[in-house]
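Single-letter residue listing:
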Amino acid sequence: MKTPVRSTIDPNIIPAAVEQLRKGELVAFPTETVYGLGADASNEKALQKLYNAKGRPTNHPVIVHLASAEQLNDWGAEISDYALVLAKQFWPGPLTLIVKKLPHVSNQVTGGQNTVGLRIPNHPIALSLLKEFGGGVAAPSANKYGRVSATSAEHVRQEFSDHIALIIDGGSCSIGIESTIIDTTGPLPKILRPGIISEEEIFHCLNLNQSSNLETKNQSTPIRVPGSDKIHYAPRTPLFVMDKGFIQALVSDQKSSLAILSFTAIDQLPQSFLKKYIQASTDPAKYAQELYHNLRVLDASGADKILVESTPHSRDWLAIADRLSRAASK
Ligand code: TXA
Ligand code: MG
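Summary of the structure given here. Computed from a predicted model, the values in this text were never measured in an experiment.

Some remarks on unusual backbone geometry
With an omega of -10 degrees, the peptide bond between Trp91 and Pro92 qualifies as cis. Relative to the helices and strands, Pro92 is located in the loop between helix H4 (81–90) and strand S6 (95–101). Although it is not a glycine, Glu78 adopts a positive phi angle of roughly 45 degrees. Looking at where Glu78 falls in the secondary structure, it is placed in the loop between strand S5 (76–77) and H4.

Have a look at this one:
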């Protein structure tokens with residue numbers, strides 16, 4: 001049986017979703033970043049179901065989604081002052097704070113670590129679901145482990161077919177890439193995953209003068225972050241990120257069938273070897289919003305390879321470049 005997809009206009013959708021969560025079932029819901037696959041974060045069986053559905057190793061932690069900052073103290077301990085400042089400034093919003101966990105927070109949520117990731121999403125459906133549910137909802141991105149995140153209800157349905165009790169359709173996600181993750185357990189914040197909220201905004205908010213005050217992710221970090229695995233957000237078709245000149249050369253070569261994502265025009269595209277061509281926006285916010293949808297379309301084209309034009313090196317493109325480099329075949 002196919003998972004029912006229900007839309008926002010249905011007034012019973014939130015109570016129905018809450019009922020499923022209370023029963024220990026999985027509910028997919030929209031957030032402003034990507035769709036989440038939600039489970040009651042206090043229910044071990046529901047969490048097990050979540051890991052099974054995603055095909056995710058159980059030592060990878062999941063983010064607990066909350067309705068209000070007052071719930072921070074239900075999950076986290078010894079929360080630093082600067083974490084509270086960030087929460088106040090950016091919640092609800094695309095920011096996940098890693099804090100020390102309280103003893104009751106299960107190892108299935110934390111991947112066996114002594115920290116927990118918390119986020120209040122800025123999306124009316126997510127917020128009313130969380131508010132009515134009352135507890136924390138563990139929600140990784142609603143995609144199979146390592147694969148492209150879902151930014152529409154249709155993506156979620158394609159990904160999971162019958163694993164989920166309910167998918168709430170809130171249309172396309174407005175941001176399109178996952179939240180910025182900040183480890184706040186040290187004396188200074190440390191960015192574990194770049195996102196739309198930039199390093200610059202974070203240090204500005206905390207009155208830190210230089211970006212060097214802010215620790216950036218160290219590859220040898222013992223913290224397990226699936227988003228920092230080498231391959232992540234990946235289509236099934238091999239994907240290569242390259243400058244336009246290389247794309248142009250491969251296009252002229254005509255050896256294998258191609259699907260191309262560029263943000264500038266590519267000349268003389270041969271129709272025979274070209275399965276799909278998408279010229280994306282030059283605006284990073286719009287590029288990000290459409291990125292996962294575009295990757296799914298290119299993946300479904302049947303091409304031998306996906307070629308993606310390298311994005312600019314400016315800060316605005318940092319989170320996008322991060323996702324593309326992890327989606328790329330090594
Ligand atoms: O925008 C988002 O963050 C979306 C929406 C649904 O909220 N969620 C999301 O979840 O991207 P997921 O599971 O796909 O990625 C969450 C990341 C993972 O890389 C995980 O390792 C990291 O958060 N994470 C969660 N708890 C952590 C912890 N205690 N310490 C370090 N990293 C943690
Ligand atoms: Mg994910």
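And the narrative resumes.
Quick word on the side chain of Ser179
Counting through the fold element by element, Ser179 comes out in the loop between strand S9 (166–169) and strand S10 (180–183). Accessibility expressed as a relative area gives 3% for Ser179, which makes it buried. Of the polar contacts made by the side chain of Ser179, one reaches the side chain of Thr96; its length is 2.8 Å. The residues touching Ser179, leaving out its near neighbours within four places in the chain, are Thr33, Ile63, Pro94, Leu95, Thr96, Arg119, Arg193, Pro194 and Arg323.

Description of the nonpolar core
Counting 48 residues, the largest nonpolar core has Leu37, Leu86, Leu118 and Val156 as its most contacted members. For this core, the secondary structure elements donating two or more residues are strand S3 (36–40), helix H2 (44–54), helix H3 (72–75), H4, S6, strand S7 (115–119), helix H7 (153–160) and helix H8 (199–205).

Remarks on the pattern of salt bridges
On inspection of all chains with the given rule, the structure shows 10 salt bridges. The closest approach of N and O atoms between Glu200 and Arg315, which form a salt bridge, is 3.2 Å. In this pair, Glu200 sits in helix H8 while Arg315 sits in the loop between strand S16 (305–309) and helix H11 (318–327), placing the two residues 115 residues apart along the sequence. Glu200 sits in the partly exposed class, given a relative accessible area of 40%. Here the residues in one salt-bridge network are Glu178, Asp322, Arg323 and Arg326, joined through shared partners.

So, the environment of Leu50
For Leu50, the position within the fold is in helix H2. For the pair Leu50 and Ser325, spaced 275 residues apart in sequence, the C-alpha separation works out to 27 Å. Among residues more than four places away in sequence, those in contact with Leu50 are Leu26, Leu37, Ala39, Ala138 and Pro140.

Re helix H6 (residues 124–133)
Each turn of an α-helix holds 3.6 residues, which means side chains three or four residues apart point in the same direction. Ile125, Ala126, Leu129, Leu130 and Phe133 are the residues of H6 that are buried. Buried residues in H6, looked at end-on, bunch into an arc of 125 degrees, giving them a common side. Of the residues in H6, the exposed ones pointing more than 90 degrees away from the buried face are Pro124 and Lys131. If you follow the buried residues of H6, they end up packed against helix H1 (13–22), strand S2 (27–29), S3, strand S4 (63–65), strand S8 (137–138) and S9. Following H6 by one or two positions, Gly134 adopts a phi angle in the positive range, close to 90 degrees.

So, the sheet that holds S16
Across the sheet, which stays open at both edges, the four strands sit in the order S13-S16-S14-S15 with parallel pairing between neighbours. Either end of the sheet is taken by a strand with one partner, and the two such strands are strand S13 (239–242) and strand S15 (274–279). Direction aside, the axes of adjacent strands within the sheet are offset by 15 degrees on average. Across five bridges, the pairing between strand S14 (residues 258–262) and S15 is parallel. Across the sheet, the residue bridging to Ser262 is Gln279, located in S15. On the sheet, helix H10 (residues 284–299) packs against S13, S14, S15 and S16 and is oriented at approximately 175 degrees with respect to S14.

Brief notes about the packing of aromatic side chains
This structure, assessed with the given rule, holds three aromatic pairs. On the numbers, 6.1 Å between centres and 25 degrees between planes, the contact of Tyr233 with Tyr292 is stacked. Remark: Tyr292 occurs in helix H10 and Tyr233 occurs in the loop between strand S12 (215–216) and S13; sequence separation between them is 59 residues. Here the two residues Tyr233 and Tyr292 agree in accessibility, since each one is buried. For the pair Phe263 and Trp317, a centre-to-centre distance of 5.4 Å together with 35 degrees between the ring planes defines the contact as tilted. One end of the pair, Phe263, is in the loop between S14 and S15; the other, Trp317, is in the loop between S16 and H11, with 54 residues separating them in the sequence. We classify Phe263 as buried; its relative accessible area is 12%. Given a relative accessible area of 4%, Trp317 falls into the buried group. Cluster of aromatic residues (ring-pair linked, three or more members): Phe263, Tyr287 and Trp317.

Basis of the calculations
All residue numbers refer to position in the chain's written sequence, counted from 1. Lettering for chains starts from A, numbering for ligands starts from 1, and both go in the order in which the items are written. With the structure being a predicted model, the display of local features is reserved for residues of pLDDT at least 70 and the display and counting of side-chain atom pairs for 80 or more, all residues being used for whole-chain, interface and lining totals. The side-chain quantities take in all heavy atoms of the structure and omit both hydrogens and water. Under the scheme used here, helices are H or I runs from DSSP no shorter than 4 residues and strands are E runs no shorter than 2 residues, and both carry numbers assigned from the N terminus. For the exposure calls, accessible area comes from a 1.4 Å probe over protein chains only, and a residue counts as buried if that area is under 20% of its type's maximum, exposed if over 50%, partly exposed in between. Whenever two N or O atoms come within 3.5 Å, that pair is a polar contact, provided that in protein one can donate a hydrogen and the other can accept it, and provided that, for residues adjacent in sequence, both atoms are side-chain atoms. In this analysis, two residues are considered to be in contact whenever any of their non-hydrogen atoms come within 4.5 Å of each other. Here, nonpolar core means buried Ala, Val, Leu, Ile, Met, Phe, Trp, Tyr and Cys residues that are tied together by side-chain atoms lying within 4.5 Å of each other. Take a side-chain nitrogen of Lys or Arg and a carboxyl oxygen of Asp or Glu: if they are within 4 Å of each other, that pair is a salt bridge. Directions drawn from the helix axis to the C-beta atoms are what define this arc. Pairing between strands requires that DSSP locate at least two bridges from one strand to the other. Every angle, taken between N-to-C directions, lies between 0 and 180 degrees, and every axis is a line fitted to C-alpha atoms, over only the stretch in contact when it is a helix. For Phe, Tyr and Trp, where Trp contributes only its six-membered ring, two rings pair if their centres lie within 6.5 Å, and the inter-plane angle classes them as stacked under 30 degrees, edge-to-face over 60, or tilted in between.

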